[in-house]
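Residue-level structure breakdown
Below are the chains, spelled out letter by letter.
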Amino acid sequence: MNPIFTYEAETKTWKGAEVPFPFAGKGVPEVVFDAMTKYLDHVCQISDDTGVIYTNEKMLKTAISFATALKYEFRIRKGDHVLLMTENYHYMAGTWLGCAFAQAVLCPFVFSEGTSVKDEVMNLLRQIAPKLLVMTDVTQVESFKKILKDLGMDIPILMYENKIEGCHDLKPHLEADIDISCFKVPRVEDPENTTFMLTLSSGTTAQSKLTITTHQQLLGCWLNGPIKMVGASTLRPGWQSEGLTLFHSFIGTHTRVIRAQQDIDSFLRIVQKHKVHLAFMAPKDIYAAIRSPVIKEVDLSSLRLISSGGNHLSDKIRMEFQKYIPKGTVNSSYGISDLCSKIAAAPVGTIAKPGSVGKVAKNMEVRVIDDDGKRLGPGEIGEFHVKPTVTKFVGYYNNPELTKNSIDEDGFFKTGDVGKIDEEGNVFIVDRKKYLITYRGNWINTSQIEKIVLENVEGIEGVCVVDMEDAENGIIPIITVQPETGVSLDAKDIIATVHKHHEIKFETKVFFFESLPITISGKYIKYRIREMVKQLMA
């Protein structure tokens, strides 16, 4: 039996267990089609809100129908970019798979109030230059039609059961009479370098960049993945992780339960109703779940694994949620969309060591590097540099300079995350390199301040700490808070709570906002919040 990880003292490199890659030389369309045709009767998707159920056969027919329309009616060619602004309606998965069968590049994004501004959307569309747009939100159609007109882009817009002038009806293009056996599956000549999907990076500290996901990267996420499980997610289908879960349901005998419009209460009821085994939840959703009265009304005993990512899940919140999961485990994992790779996770069936995000993942090499480029050993804190062994970092779309600067001389990707790895291979994240600030010669972890506030102050919907210049102290952390609706909070009480639980006493201020801007992956956009604070302090 291979060890979970090994440590090479000579090179100061942690290596996850090596697992063979079964999809060498194959692209996503070929792998997915072969897997789905073996089990045509398998239920791959259940829509909780509409009750629509998709077997593999129905999903394949829907996807092939759409791929045919893309090719012959809308003249979409191999490598063309298709913008997918779609929520989790029952027909969404068929459009995504149809794009894959048409060999179009999937560009899935979700824009909502508080996550984007017009200039950013226009910049994104200029970069992508989509040939077609699929939308589900009728309230955004007119604004996007105007943006496209301003950019000089005349592209088809498809809406399901369309009733908007100037848009096409998506529904008929999903319902052609298809003979699956006659479908010629497209072959991808170079899966290692061919782009399958473009997604936005988190965009928390600066403008978002477009991350390339290749066919091989996407397939590399399914090595020894869970099968014969019912899964559900609190994530919206506008970022990479949700794309992975969607295509995962096509690869194995995995059933995905979805709901287009979902809050934490409806999600908890979905888990009970459909006996969900595997749940993907952002830390903020886990925090919301333990505050919801519904959690005491539902039976969550079907859950075997709750995987949390995006931000680190505090041990206090994790353990509180674990009380409601009698037969499963709640764990954080650590991955990075730039590589489409998991870097660390707790082995299935185990609980991560307190404070850690698990052990070094399979087929992953990790080094810890200090500011001078020196490799560090167990227990020493530095920046994580990582390298997958069965896939590779292709880069950022139309950004060769950033791509080059993201790799060190040995081909390891510079994550920008600071932490340590102990002698047992447990990975501990201190913070994003850009989130650590120096206060009077001491390092302050802004994420730690956020955790203190969330865990010890009642009535908080969200909290984000940003750094601001200060004439006396150089840099100070500023605490921005979004109170729960109808809740009144006192800034002095929040500061006193932070000072009580933090090892360093520091100058700070608290600002309250009705809402805090977030990315499509649910992370706070710190650079924009910093600008909001500056306006109040001016």
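These notes cover the structure that comes with them. Remember, predicted model here, so these are calculated numbers, not experimental data.

Some points on the overall build of the chain
Scanning the chain from terminus to terminus reveals 14 helices and 28 strands. Reported as C-alpha extents along the three principal axes, the dimensions of the chain are approximately 70 × 55 × 50 Å. In the chain, which comprises 538 residues, the share counted as buried stands at 56%. The long-range fraction of contacts in the chain, counting pairs at least 24 apart against all pairs at least 6 apart in sequence, stands at 67%. Looking at the chain as shown, the accessible area adds up to about 24100 Å², and 49% of this sits on carbon and sulfur atoms. If the 62 positive side-chain charges of the chain are averaged to one point and the 67 negative ones to another, these points end up 3 Å apart.

Some remarks on the pairing of strand 2 (residues 13-16)
Where strand 1 (residues 5-8) and strand 2 come together, 4 bridges link them in antiparallel fashion. Bridge assignment links Phe 5 to a residue of strand 2, and that residue is Gly 16. Counted along the chain from strand 1 to the antiparallel partner strand 2, the turn is 4 residues long, and its residue Lys 12 has a positive phi close to 50°. The pairing of strand 2 with strand 19 (residues 364-369) spans 2 bridges and is antiparallel. Note that in strand 19 the partner of Lys 15 across the bridge is Glu 365.

Concerning the sheet that holds strand 15 (residues 305-308)
If you walk across this open sheet you meet the 9 strands as 4-3-13-12-14-15-16-17-18, and the pairing is mixed. Each having just a single partner strand, strand 4 (53-55) and strand 18 (359-360) make up the two edges of the open sheet. Pairing of strand 12 (residues 230-233) with strand 13 (residues 255-258), which is carried by 3 bridges, proceeds in the parallel orientation. Counted as the bridge partner of Gly 231 is Arg 256 from strand 13. In the packing of helix 10 (residues 315-322) onto the sheet, contacts are made with strand 14 (278-281), strand 15 and strand 16 (329-336), and the angle to strand 16 comes to roughly 135°.

A few points about the state of the cysteines
The full count for this structure, using the stated rule, is 0 disulfides. With no disulfide of its own, Cys 44 lies 17 Å from the sulfur of Cys 99, the closest cysteine sulfur. For Cys 44, a relative accessible area of 1% puts it in the buried group. Not engaged in a disulfide, the cysteine Cys 99 finds its nearest cysteine sulfur in Cys 107; these two sulfurs lie 8.9 Å apart. A residue is classified by how much of its surface remains accessible, and Cys 99, at 0% relative accessible area, is buried.

Description of the sheet that holds strand 28 (residues 509-512)
With mixed pairing, 3 strands are arranged side by side in an open sheet as 26-27-28. The open sheet has two free edges, formed respectively by strand 26 (460-470) and strand 28, since each of these has just one partner strand. Going from strand to strand, the sheet's axes swing by 25° on average, the running direction of each strand aside. Where helix 12 (residues 446-456) meets the sheet, its contacts fall on strand 26 and strand 27 (474-483), and the angle it forms with strand 26 comes to roughly 145°.

Some words on the packing of aromatic side chains
Within the structure shown, the criterion is met by 13 aromatic pairs. Measuring from centroid to centroid gives 6.3 Å for Phe 33 and Phe 101, while their planes differ by 75°, and the two rings are edge-to-face. With Phe 33 in helix 1 (residues 28-38) and Phe 101 in helix 3 (residues 92-101), this pair connects stretches of sequence that are 68 residues apart. With a relative accessible area of 5%, Phe 101 lands in the buried category. Taking 6.0 Å as the distance between ring centres and 50° as the angle between the ring planes, the aromatic pair formed by Tyr 334 and Phe 384 counts as tilted. In this pair, Tyr 334 sits in strand 16 while Phe 384 sits in strand 21 (residues 382-388), placing the two residues 50 residues apart along the sequence. Taking the relative accessible area as the measure of exposure, Phe 384 reaches 0% and is therefore buried. By way of ring pairs, the aromatic residues Phe 33, Phe 101 and Phe 183 are connected into one cluster. For the cation-ring pair, Lys 420 lies above Phe 428, with the distance from its terminal atom to the ring centre recorded as 5.5 Å.

Some points on the pattern of salt bridges
Counted by the stated rule, this structure contains 23 salt bridges. One salt bridge in this structure joins Lys 171 and Glu 175, with 2.8 Å as the shortest N-O distance. Look at Lys 171 and you get partly exposed, because its relative accessible area is 23%. Exposure remark for Glu 175: the relative accessible area of 48% places this residue in the partly exposed category. Each of Glu 8, Lys 15 and Glu 365 takes part in one network of salt bridges that share partners.

So, helix 1
Structural remark: α-helix, 3.6 residues per turn; residues separated by three or four positions point the same way. Within helix 1, 8 of the 11 residues are buried, which leaves it mostly tucked inside the rest of the structure. Listed in full, the buried residues belonging to helix 1 are Val 28, Pro 29, Glu 30, Val 31, Val 32, Phe 33, Ala 35 and Met 36. As for helix 1, its buried residues are in contact with helix 2 (56-72), helix 3, strand 10 (195-200), helix 6 (215-220) and helix 7 (240-251).

Considering the environment of Phe 506
Relative to the helices and strands, Phe 506 is located in the loop between helix 13 (491-501) and strand 28. On the basis of relative accessible area, Phe 506 is assigned to the buried category, the value being 3%. Each C-alpha atom, one on Phe 506 and one on Glu 192, is 49 Å from the other, the two residues being 314 residues apart in sequence. With sequence-adjacent residues up to four places away left out, Phe 506 is seen in contact with Tyr 439, Ile 444, Ile 449, Pro 477, Val 498 and His 499.

About the cut-offs
- Residues numbered from 1 in each chain as written.
- Predicted model: local features only at pLDDT ≥ 70, side-chain atom pairs only at ≥ 80, totals over all residues.
- Heavy atoms only, no water.
- Helix = DSSP H or I, 4+ residues; strand = E, 2+ residues; numbered from the N terminus.
- Buried < 20%, exposed > 50% of the residue type's maximum accessible area, 1.4 Å probe, protein only.
- Contact = heavy atoms within 4.5 Å.
- Areas by Shrake-Rupley, 256 points an atom, 1.4 Å probe, with all protein chains shown as cover.
- Lys, Arg positive; Asp, Glu negative; His and termini not counted.
- Charge placed at Lys NZ, Arg CZ, Asp CG, Glu CD.
- Pairing = 2+ DSSP bridges.
- Axes fitted to C-alpha atoms, helices over the stretch in contact; angles between N-to-C directions.
- Disulfide = S-S within 2.5 Å.
- Phe/Tyr/Trp six-rings, centres within 6.5 Å; stacked < 30°, edge-to-face > 60°.
- Lys NZ or Arg CZ within 6 Å of the ring centre and 35° of its normal.
- Salt bridge = Lys/Arg side-chain N within 4 Å of Asp/Glu carboxyl O.

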